[in-house]
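# Overview (structure and organization)
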Amino acid sequence: MSKVSVLVVDDAPFIRDLVKKALRSYFPGLQIEEATNGRKAQQMLGRARFDLILCDWEMPEMSGLELLQWFRAQPEGAGVPFVMVTSRGDKANVVEAIQAGVSDYVGKPFSNEQLITKVKKALHRAGKLAQFQVGESPRPSTGTAAGSVANLTAGRPEAPARPAAAPVSSPLLSASRPAEKAAPAPAAAPAAAQSVRGQGQLRLAGEQFACVIKTLSLRDALVVVRRGERLPQVFETVVLDLEQDSDRSVARINGYVHAVAALEAKVDCEWIKVTIKFVDQDPEKLDYLSRLIASGTAQSHYSPGA
């Protein structure tokens, strides 16, 4: 029996390594290949057949959406599961991917359980899951309506309801991201953070924090968030959503938690500092960050990091 093969496509080595580690720990014997962007993946798909494709959306040279559109147009591309693993969870992006023929959707940041659940589902549909002696299943996806937009974006753990939770404008949009706990407006931060007006959203698997941007560079960011029941963990994957005032566009920057510390030297400190190291290598995102930093510096929104 031939081995089941998976192609992992992402321009960030850190994300590729996380995906490969999760797959190898749950699917012994799985053959994994990787590509750093859509163009290289296209070349690999032209030479070999894969049983599953896990692909990022935003990449240099050829995006994940462009790769998906090309692949579905190939004779051998119709029945192969193609799963988007991306921070683009907006309704318009999800619908666009569905129209292009995406099989499923994993929002960044993701937990191992969320990723494995989607991979098991894709391999089952392809008739390949039976080749593995898998262990206990991770928490199952909550989506049940096959082929629907809600099913494609379901499967995130729901956070407990809190009185301060902000209303969600679209059920689809709320389903396309990990369930979020309400985060307080960062304007209430202590004096040490009030002088910086740059704000954003820090997304973890199943959680979201409103944050104040203290420093921002092409390599990392220092943000301040309110201390909650769950603290960000070192090496945990995150997505930092940054909004540019000029056109209200949002940059979704993938990274991981490098350090976590209290904002003040006291045990009951309400605010914590989180250092995030960026892993994206997409030139478009780096250019966006450069413009964001330049614009923010002029408006006192962001302080360039060293």
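The model shown is predicted, which means the values in this text are computed figures rather than measured ones.

### As for the overall build of the protein chain
The secondary structure content of the protein chain amounts to 9 helices and 11 strands. Counting all 306 residues of the protein chain, 52% fall into the buried class. Just so you have it, the protein chain exposes about 14200 Å², and 52% of that area is on carbon and sulfur atoms.

### Focus: helix H5 (residues 112–125)
In an α-helix, one turn spans 3.6 residues, which is why side chains three or four residues apart end up on the same side. Here H5 spans 20 Å end to end across 14 residues, near enough to the 20 Å set by a 1.5 Å rise per residue. Where burial is concerned, most of H5 is hidden: 10 out of the 14 residues are buried.

### Observations concerning unusual backbone geometry
Residues Lys108 and Pro109 are joined by a peptide bond in cis, for which omega reads -5°. Topologically, Pro109 is positioned in the loop between strand E5 (104–107) and H5. Even without glycine at this site, Phe235 takes up a positive phi of about 75°. The topology assignment puts Phe235 in the loop between strand E8 (220–226) and strand E9 (237–243). Residue classification places Phe235 among the exposed residues on the basis of a relative accessible area of 57%.

### Quick word on helix H4 (residues 91–100)
Residues of H4 that are buried: Asn93, Val94, Ala97 and Ala100. Burial along H4 is one-sided: seen end-on, the buried residues are contained in an arc of 125°. Residues of H4 that are exposed and angled more than 90 degrees away from the buried face: Ala92 and Gln99. Directly after H4, the chain includes Gly101, whose backbone phi takes a positive value near 105°.

### Focus: the packing of helix H2 (residues 38–47) against helix H3 (residues 64–72)
Where H2 contacts H3, the two axes come as close as 9 Å, and the packing angle between them is 20°. The orientation of H2 with respect to H3, classified from their angle, is roughly parallel. As H2 runs across H3, the sense of the crossing is right-handed. Contact with H2, carried on its side by Gly38, Ala41, Gln42, Leu45 and Gly46, involves Leu67, Trp70 and Phe71 of H3 and no other residues of that element.

### Some remarks on the sheet that holds strand E4 (residues 82–86)
Spatial ordering of the open sheet is given by E2-E1-E3-E4-E5, a layout of 5 strands whose pairing is parallel. Where the open sheet ends on each side, the last strands, each with one partner, are strand E2 (31–35) and E5. Neighbouring strand axes in the sheet, compared pairwise and without regard to direction, differ in orientation by 20° on average. When strand E1 (residues 5–9) meets strand E3 (residues 52–55), the two strands line up parallel, connected through 4 bridges. Note on E3: the bridge partner recorded for Val8 is Leu54.

### A few points about the nonpolar core
With 27 residues, the main nonpolar core has Leu23, Phe27 and Leu54 as its most contacted residues. Of all the secondary structure elements, the ones that give two or more residues to this core are E1, helix H1 (13–26), E3, E4 and H5. Grouped together as the second largest cluster of nonpolar side chains are 24 residues, Ile53, Phe82, Val94 and Val102 included.

### Section: the environment of Leu231
Inspection of the secondary structure assignment puts Leu231 in the loop between E8 and E9. With 24 residues separating them along the chain, Leu231 and Glu207 place their C-alpha atoms 9.9 Å apart.

### Considering the pattern of salt bridges
What the rule picks out here adds up to 13 salt bridges. Among the ionic pairs, Asp17 bridges to Lys20, the shortest N-O distance being 3.5 Å. Within this pair, Asp17 and its partner Lys20 are both found in helix H1, separated by 3 residues, close to a single helical turn. You can call Asp17 partly exposed: its relative accessible area is 44%. Residue Arg226 pairs with Glu270 through a salt bridge whose shortest N-O separation is 1.8 Å. Of this pair, Arg226 sits in strand E8 while Glu270 sits in the loop between strand E10 (250–262) and strand E11 (271–278), and the two are 44 residues apart along the sequence. Accessibility expressed as a relative area gives 39% for Glu270, which makes it partly exposed.

Each value, and the rule that gives it
- Residues numbered from 1 in each chain as written.
- Predicted model: local features only at pLDDT ≥ 70, side-chain atom pairs only at ≥ 80, totals over all residues.
- Heavy atoms only, no water.
- Helix = DSSP H or I, 4+ residues; strand = E, 2+ residues; numbered from the N terminus.
- Buried < 20%, exposed > 50% of the residue type's maximum accessible area, 1.4 Å probe, protein only.
- Areas by Shrake-Rupley, 256 points an atom, 1.4 Å probe, with all protein chains shown as cover.
- Expected span 1.5 Å × (residues − 1).
- Arc of directions from axis to C-beta.
- Axes fitted to C-alpha atoms, helices over the stretch in contact; angles between N-to-C directions.
- Parallel < 35°, antiparallel > 145°, perpendicular 65-115°, else oblique.
- Left-handed = near helix turned anticlockwise from the far one by under 90°.
- Contact = heavy atoms within 4.5 Å.
- Pairing = 2+ DSSP bridges.
- Core = buried A, V, L, I, M, F, W, Y, C linked by side-chain atoms within 4.5 Å.
- Salt bridge = Lys/Arg side-chain N within 4 Å of Asp/Glu carboxyl O.

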